[in-house]
Amino acid sequence: MRCPYCGSLDDKVIESRTLGSGESIRRRRECISCGYRFTSYERIEEKPFMVVKRDGRRQPFDRAKLEKGISRALEKRPISATMTDNLISEIEDIVFIRGRTSREISTEALGDLVLEKLHELDKVAYIRFASVYRHFENLDEFISEVNKIESLPNP
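Residues numbered from 1 in each chain as written. Predicted model: local features only at pLDDT ≥ 70, side-chain atom pairs only at ≥ 80, totals over all residues. Heavy atoms only, no water.

Enquirer: For the environment of Ser24, give the residues involved together with the corresponding values.
Expert: Tracing the backbone through its elements, the reader meets Ser24 in strand 2 (residues 24-31). Taking the C-alpha atoms as reference points, Ser24 and Tyr41, separated by 17 residues in sequence, lie 6.9 Å from one another. Beyond its immediate chain neighbours, meaning those up to four positions away, Ser24 contacts Arg17, Thr18, Leu19, Glu42 and Arg43. (Helix = DSSP H or I, 4+ residues; strand = E, 2+ residues; numbered from the N terminus. Contact = heavy atoms within 4.5 Å.)

Enquirer: Would you mind going over the packing of helix 1 (residues 63-74) against helix 3 (residues 107-121) in detail, with residue names and values included?
Expert: Direction vectors running N to C along helix 1 and helix 3 enclose 35 degrees, while the axes themselves pass 12 Å from each other. Where helix 1 crosses over helix 3, the handedness of that crossing is right-handed. Contacts between helix 1 and helix 3 involve Leu66, Ile70, Ala73 and Leu74 from the first element and Leu110, Val114, Leu118 and Leu121 from the second. Class assignment for the residues of the contact of helix 1 with helix 3 results in eight nonpolar, no polar and no charged. (Axes fitted to C-alpha atoms, helices over the stretch in contact; angles between N-to-C directions. Left-handed = near helix turned anticlockwise from the far one by under 90°. Nonpolar A, V, L, I, M, F, W, Y, C, P; charged D, E, K, R; others polar.)

Enquirer: Please set out the pattern of salt bridges residue by residue, giving values where relevant.
Expert: For side chains bearing opposite charge, pairing can occur when the charged atoms are close. For the structure on display, the rule yields 13 salt bridges. Across the pair Asp11 and Arg29 runs a salt bridge, and its minimum N-O distance is 2.9 Å. With a gap of 18 residues between them, Asp11 in strand 1 (residues 11-19) and Arg29 in strand 2 connect regions that are remote in the sequence. The partner of Arg63 in a salt bridge is Glu92, with the nearest N and O atoms 2.5 Å apart. (Salt bridge = Lys/Arg side-chain N within 4 Å of Asp/Glu carboxyl O.)

Enquirer: Any chance you could break down helix 3 for me, citing the residues and the numbers?
Expert: Residue pairs spaced three or four apart in an α-helix point in one direction, given the helix's 3.6 residues per turn. Over its 15 residues, helix 3 extends 21 Å from the first C-alpha to the last, a length consistent with the 21 Å expected when each residue adds 1.5 Å. Among the residues of helix 3, those classed as buried are Thr107, Leu110, Gly111, Leu113, Val114, Leu115, Lys117, Leu118 and His119. (Expected span 1.5 Å × (residues − 1). Buried < 20%, exposed > 50% of the residue type's maximum accessible area, 1.4 Å probe, protein only.)

Enquirer: Let's hear about the sheet that holds strand 1: which residues, and what values?
Expert: If you trace the three strands from one edge of the open sheet to the other, you get 1-2-3, paired in antiparallel fashion. Each edge of the open sheet carries a strand with a single partner, namely strand 1 and strand 3 (37-43). Here the average twist between neighbouring strands, direction ignored, is 25 degrees. By the bridge criterion, seven bridges tie strand 2 to strand 3 in an arrangement that is antiparallel. Bridge pairing links Arg28 to Thr39 in strand 3. (Pairing = 2+ DSSP bridges.)

Enquirer: Account for the pairing of strand 2, naming residues and giving values.
Expert: Note that strand 1 and strand 2 share eight bridges and pair antiparallel. Across the sheet, Asp11 pairs through a bridge with Cys31, a residue of strand 2. With antiparallel pairing between neighbouring strands as the criterion, strand 1 and strand 2 make up a hairpin whose turn holds four residues, including Gly20 at a positive phi of roughly 55 degrees. Connecting the antiparallel pair strand 2 and strand 3 is a turn made up of five residues, with Gly35 showing a positive phi of about 85 degrees.

Below you can see the structure in the form of structure tokens.
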């Protein structure tokens with residue numbers, strides 16, 4: 001570590017402490033050349049979790065976007081804010097578990113997961129989300145999806 005006072009690269013660690021929940025370490029250091037004492041911090045730098053779009057572009061996973069889509073589908077439905085938050089957290093946890101090694105998930109897999117969870121929670125919200133996610137272009141597609149949901153077994 002470069003000494004902020006003299007620029008030397010020779011130092012020794014005097015003390016180390018774990019901060020917070022063990023995600024970072026604070027180290028007190030002393031420059032061997034000039035004796036100046038300074039503090040450094042170390043933390044794990046993780047690769048961001050990415051979402052692979054249909055056209056191949058990648059963008060960072062954004063919980064707020066997920067929240068917005070689900071909230072729109074659940075708008076004016078008898079679902080509490082707590083249940084909505086729990087649903088979003090559950091989906092987020094599943095996404096991170098499924099993409100643990102590659103650190104990415106496709107929008108298709110993410111959308112299908114949201115549909116699966118909404119189907120369990122509220123059929124109207126499921127149809128609302130499906131109509132946007134699957135890009136219904138006419139009434140026949142919409143009716144087909146409603147008929148499909150009626151034929152599916154309840155979880």
